[in-house]
Amino acid sequence: MKNLSKLTSKWQKILRLQDWEVDINFYRARDFTNSGAVGECTFNINARNAVIKILDPIDYNGEHDIEWTVVHELLHLHFAGWTAANNYECPISAEQGIDAIAQALTKLEKKR
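Residues numbered from 1 in each chain as written. Predicted model: local features only at pLDDT ≥ 70, side-chain atom pairs only at ≥ 80, totals over all residues. Heavy atoms only, no water.

1. Observations regarding the sheet that holds strand 3 (residues 49–55)
If you trace the 3 strands from one edge of the open sheet to the other, you get 1-3-2, paired in mixed fashion. Of all the strands in the sheet, the pair left with one neighbour each is strand 1 (21–27) and strand 2 (39–44). Shown here is a sheet whose adjacent strand axes are inclined to one another by a mean of 15 degrees, direction ignored. Examined bridge by bridge, strand 2 and strand 3 share 6 bridges and lie antiparallel to one another. Looking across to strand 3, one finds that Gly39 is bridged to Ile54. Relative to strand 2, helix 2 (residues 66–78) is tilted by about 25 degrees, and along the sheet it contacts strand 1, strand 2 and strand 3. (Pairing = 2+ DSSP bridges. Helix = DSSP H or I, 4+ residues; strand = E, 2+ residues; numbered from the N terminus. Axes fitted to C-alpha atoms, helices over the stretch in contact; angles between N-to-C directions. Contact = heavy atoms within 4.5 Å.)

2. Some details on the packing of helix 2 against helix 4 (residues 92–111)
At a minimum axis distance of 9 Å, the contact between helix 2 and helix 4 shows a crossing angle of 130 degrees. The orientation of helix 2 relative to helix 4 falls into the category oblique. The crossing of helix 2 and helix 4 is right-handed. Between helix 2 and helix 4, the contacting residues are Glu67, Trp68, Val71, His72, Leu75 and His76 on the first element and Glu95, Ile98, Asp99, Ile101, Ala102, Gln103, Leu105, Thr106, Glu109 and Lys110 on the second. A per-class count over the contact of helix 2 with helix 4 returns 7 nonpolar, 4 polar and 5 charged. (Parallel < 35°, antiparallel > 145°, perpendicular 65-115°, else oblique. Left-handed = near helix turned anticlockwise from the far one by under 90°. Nonpolar A, V, L, I, M, F, W, Y, C, P; charged D, E, K, R; others polar.)

3. Observations regarding the environment of Ile52
Summarising the element assignment, Ile52 is placed in strand 3. Accessibility expressed as a relative area gives 0% for Ile52, which makes it buried. Distance in space between the C-alpha atoms of Ile52 and Leu77 is 10 Å, their sequence separation being 25 residues. Setting aside anything within four residues of it in sequence, one finds Ile52 in contact with Val22, Asp23, Ile24, Asn25, Tyr27, Glu40, Cys41, Glu73 and Leu74. (Buried < 20%, exposed > 50% of the residue type's maximum accessible area, 1.4 Å probe, protein only.)

Written as structure tokens, this is what we have:
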């Protein structure tokens, strides 16, 4: 958990999301709304707070990059206005874009 909080703080700074209060923790697969998800983000755009669920490693089928998941879920906060306007559903094209950005950022960070 300590590592998860550290990662979140680090990436909130990089992504300039320090004005958001983010509650992040590991959750079991049964606690997710979307089956098969490795992360979920719910938020209140007006209060600028969010809850991010990260899949507990116990429930992984294989390896998974937790840092990438943290970045992906934090990036949803930059798109919160559009998501809220779309009944809190993130369109597939937006998810794909967020995936690509998260992958690029985490790869660049690991090369540093």
